[in-house]
Amino acid sequence: MLAADPGRRWTLGEIAAEVGVSPVYLTQVFAQCEGVPLYRYQLRLRLARALDLLDGCDDLTGLALDLGFSSHSHFTAAFRQHYGRSPAAFQRAALLRR
């Protein structure tokens, strides 16, 4: 469900309702099964999708918003924290490897 639409800004209540459990139960079981909190899992899905789309992207703000980030700076900070460089730096490095 989360992977099918990584840009959707799901609330915990919406996810729990889709799955048919309480938000508290969902949070506990998800963390036990996946080893990470649900919000972090969703963030990783968004960032992985960003990697797929960065190569052909010329509007990082649009990409950030499409993937459910609140702003370009929110996207850049999350991307840098996870991958160690900004999306723009990642794009430049990919261009140099061609």
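The structure under discussion appears in the preceding block.
Here the structure is a predicted model, which is why all the values come from computation and not from measurement.

Once that is clear, we can look at the pattern of salt bridges. Overall, the coordinates contain one salt bridge when judged by the stated rule. With a closest N to O distance of 4.0 Å, Glu-14 and Arg-8 form a salt bridge. A relative accessible area of 32% means that Glu-14 is categorised as partly exposed.

Take helix α6 (residues 87-97) next. For α6, the complete set of buried residues consists of Pro-87, Gln-91, Ala-93 and Ala-94. Viewed end-on, α6 has its buried residues packed into an arc of 165°, placing them on one side of the element. Away from its buried face, by an angle of more than 90 degrees, α6 presents the exposed residues Arg-92, Leu-95 and Leu-96. Packed against the buried residues of α6 are α3 (38-54), α4 (60-66) and α5 (72-83).

A few words on the packing of aromatic side chains. Within the structure shown, the criterion is met by five aromatic pairs. Residues Phe-69 and Phe-75 carry aromatic rings whose centres are separated by 5.2 Å and whose planes lie at 50° to one another, so their mutual orientation is tilted. The same class applies to Phe-69 and to Phe-75, which are both buried. Considering the side-chain rings of Phe-79 and Phe-90, the 5.9 Å spacing of their centres and the 75° angle between planes classify their relative orientation as edge-to-face. Separated by eleven residues along the polypeptide, Phe-79 in helix α5 and Phe-90 in helix α6 bring together distant segments of the chain. On the accessibility criterion, Phe-90 (24% relative accessible area) is partly exposed. Three or more aromatic residues link up through ring pairs in this structure, and these residues are Phe-69, Phe-75, Phe-79, Tyr-83 and Phe-90. The aromatic ring of Phe-69 is capped on one face by Arg-46, whose charged end is 5.9 Å from the ring centroid.

Quick notes on the rules
- Residues numbered from 1 in each chain as written.
- Predicted model: local features only at pLDDT ≥ 70, side-chain atom pairs only at ≥ 80, totals over all residues.
- Heavy atoms only, no water.
- Salt bridge = Lys/Arg side-chain N within 4 Å of Asp/Glu carboxyl O.
- Buried < 20%, exposed > 50% of the residue type's maximum accessible area, 1.4 Å probe, protein only.
- Helix = DSSP H or I, 4+ residues; strand = E, 2+ residues; numbered from the N terminus.
- Arc of directions from axis to C-beta.
- Contact = heavy atoms within 4.5 Å.
- Phe/Tyr/Trp six-rings, centres within 6.5 Å; stacked < 30°, edge-to-face > 60°.
- Lys NZ or Arg CZ within 6 Å of the ring centre and 35° of its normal.

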